[in-house]
Amino acid sequence: MSSGSPSKSDVTAVIPTLQEEEGIGLVIDELKANGVEKIIVVDGGSTDRTREVASSKGARVVLQEGRGKALAIKTALKYVETPWMLVIDGDYTYDASYVDAMLSVAKDYDEIIGARLLGRENIPLLNRFGNWVITKAFNVLFGVRLSDVCSGMYLVRTEIAREVWFEGKGFSVEVEIAAHVANTTRRIAEVPIRYRRRVGKGKLGKRHGFLILFDTVRLAWRYNPTLVIFLLGSLSLMPGVPIFLWVFYEYVFRGVEHFVWAIISLQMVSVGLVSVLLSILSLYLKRLEYRLIEKIEKRLRQVQA
Ligand SMILES: Nc1nc2c(ncn2[C@@H]2O[C@H](COP(=O)(O)OP(=O)(O)OP(=O)(O)O)[C@@H](O)[C@H]2O)c(=O)[nH]1
Ligand SMILES: [Mg+2]
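Residues numbered from 1 in each chain as written. Chains lettered and ligands numbered in written order. Predicted model: local features only at pLDDT ≥ 70, side-chain atom pairs only at ≥ 80, totals over all residues. Heavy atoms only, no water.

### Notes on the packing of aromatic side chains
So, step 1. Per the stated rule, a full pass over the model turns up five aromatic pairs.
So, step 2. Summarising the aromatic geometry, the rings of F129 and W132 are spaced 6.4 Å apart at their centres and angled 20 degrees between planes, so their arrangement reads as stacked. A residue pair is termed a helical-turn pair when its members lie 3 or 4 positions apart in one helix, as F129 and W132 do in helix 5 (residues 125-142) at three residues.
So, step 3. Among the residues examined, F129 registers a relative accessible area of 51% and is labelled exposed.
So, step 4. Centroid distance Y249 to F253: 5.2 Å. Interplanar angle 40 degrees. Geometry classified as tilted. You can see Y249 and its partner F253 sitting in helix 9 (residues 226-254), four residues apart, about one turn around the helix.
So, step 5. With relative accessibility at 44%, the residue Y249 sits in the partly exposed group.
So, step 6. Lying across the ring of Y195, R116 places its NZ or CZ 5.1 Å from the centre.
So, step 7. Above the ring of W165, the side-chain terminus of R222 is found at 3.9 Å from the ring centroid. (Phe/Tyr/Trp six-rings, centres within 6.5 Å; stacked < 30°, edge-to-face > 60°. Helix = DSSP H or I, 4+ residues; strand = E, 2+ residues; numbered from the N terminus. Buried < 20%, exposed > 50% of the residue type's maximum accessible area, 1.4 Å probe, protein only. Lys NZ or Arg CZ within 6 Å of the ring centre and 35° of its normal.)

Laid out in structure tokens, this is it:
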């Protein structure tokens, strides 16, 4: 490990659970076998033996406030005392041994995502497709190049995680944390990891994919309102242009005058053009800001090293 890298004593594992009596013991054992001693299980009110198994394995067990995975992570942050937090699902799909690889790059970043490159066949096909769409949308909207923004295993600086609002619904929490980092410090990285088939029953339904995608767009709007202007501009341009062409054709080739339509369509075209151009300009500025932040961060790291 390079100098300055955090060690395992700087890490608290946070495991959100809901009905994971079959997986939770395995996850805790594997974390301990890999040297992670501080473990918090945030339970969403399981009615099986999840909490019992977790405390018998030596984890600290707390009940989450509210409902859903997002509020579980928010609750956990009240108890985490280390500079780093490792979020990992309780269904034994994520291999805890990758914590070493994640820690070894951690000093230069605020979030390190465990990207599921190995064992992708263990992600149900529909989820794989949903992850792909969400990750692509995320990359475009936040100007990053991630490959698995929905991963349930990630290392994040506790102080940065505390800045997140946790306003998205349950399963959008991964996207929300990544959006925060991507839009502020931009110190986000990925480490390839292996994914296993889950033990126990899944909670992710088909509609969750759409909810997460919706939240991705909503988060982008909050961080980057230019998009709203762009969409409104396009909405005005799309009917404006054909109406104007029709008015023009009628006047030139048939000698028919449509004054009212002419005024309406010209207004639509000019408002649309101005907003689209303005938003493209702001997008360039935003990209420039991102690139400058990256350059400054890089320089600072060079100076510190
Ligand atoms: N505390 C808490 N944990 C939850 C809640 N919903 C899900 N979880 C846990 O969050 C983790 C991820 O949920 P999963 O059901 O595995 O979702 P997934 O990994 O996207 O989908 P699968 O392919 O079914 O595994 C698991 O450890 C769940 O037990 C909740 O409302 N509260
Ligand atoms: Mg899972």
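### Considering the UniProt feature "domain: Glycosyltransferase 2-like" (unreviewed entry) in the protein
So, step 1. Look at the UniProt record and you will see "domain: Glycosyltransferase 2-like" (unreviewed entry) annotated at residues 13-164.
So, step 2. Strand forms 22% of residues 13-164 and helix 36%; the C-alpha atoms that close the span are 18 Å apart. (UniProt positions renumbered as here; feature names shortened; annotations may be inferred.)

### Here we look at the UniProt feature "transmembrane region" (unreviewed entry) in the protein
So, step 1. Sequence positions flagged by UniProt for "transmembrane region" (unreviewed entry) are, in local numbering, residues 227-249 and 261-285.
So, step 2. Helix makes up 100% of residues 227-249 and strand 0%. Its end C-alpha atoms lie 33 Å apart.
So, step 3. A helix fraction of 100% and a strand fraction of 0% characterise residues 261-285, whose end C-alpha atoms lie 36 Å from each other.

### Considering a positive patch on the surface
So, step 1. A cluster of basic side chains, namely R287, R291, K295, K298 and R299, defines a positive patch on the protein surface.
So, step 2. If you trace the backbone, K295 turns up in helix 10 (residues 259-304).
So, step 3. Residue classification places K295 among the exposed residues on the basis of a relative accessible area of 59%. (Patch = residues over 30% accessible without salt bridge, like charges linked within 9 Å, V, L, I, M, F, W, Y side chains within 5 Å. Areas by Shrake-Rupley, 256 points an atom, 1.4 Å probe, with all protein chains shown as cover. Salt bridge = Lys/Arg side-chain N within 4 Å of Asp/Glu carboxyl O. Lys, Arg positive; Asp, Glu negative; His and termini not counted. Charge placed at Lys NZ, Arg CZ, Asp CG, Glu CD.)

### Structural notes on the packing of helix 5 against helix 7 (residues 173-183)
So, step 1. Viewed as axis vectors pointing N to C, helix 5 and helix 7 meet at an angle of 25 degrees, and their least axial separation amounts to 11 Å. Judged by the angle between their axes, helix 5 and helix 7 are roughly parallel. In this structure, the crossing between helix 5 and helix 7 has a hand that is right-handed. In this structure, helix 5 contributes I134, F138 and F142 to the contact, and helix 7 contributes V175, A178, A179, A182 and N183.
So, step 2. Of the residues contributing to the contact of helix 5 with helix 7, the split by class is seven nonpolar, one polar and no charged. (Axes fitted to C-alpha atoms, helices over the stretch in contact; angles between N-to-C directions. Parallel < 35°, antiparallel > 145°, perpendicular 65-115°, else oblique. Left-handed = near helix turned anticlockwise from the far one by under 90°. Contact = heavy atoms within 4.5 Å. Nonpolar A, V, L, I, M, F, W, Y, C, P; charged D, E, K, R; others polar.)

### Observations regarding the sheet that holds strand 4 (residues 84-88)
So, step 1. Pairing is mixed across the open sheet formed by seven strands, whose spatial order is 3-2-1-4-6-5-7. Each having just a single partner strand, strand 3 (60-63) and strand 7 (188-194) make up the two edges of the open sheet. Mean inter-strand twist for the sheet, computed between neighbouring axes without regard to direction, equals 25 degrees.
So, step 2. Note that strand 2 (residues 38-43) and strand 3 share four bridges and pair parallel. Bridging from a neighbouring strand, V42 pairs with V62 of strand 3.
So, step 3. Seen against the sheet, helix 7 touches strand 5 (111-118), strand 6 (153-157) and strand 7 and runs at an angle of roughly 40 degrees to strand 6. (Pairing = 2+ DSSP bridges.)

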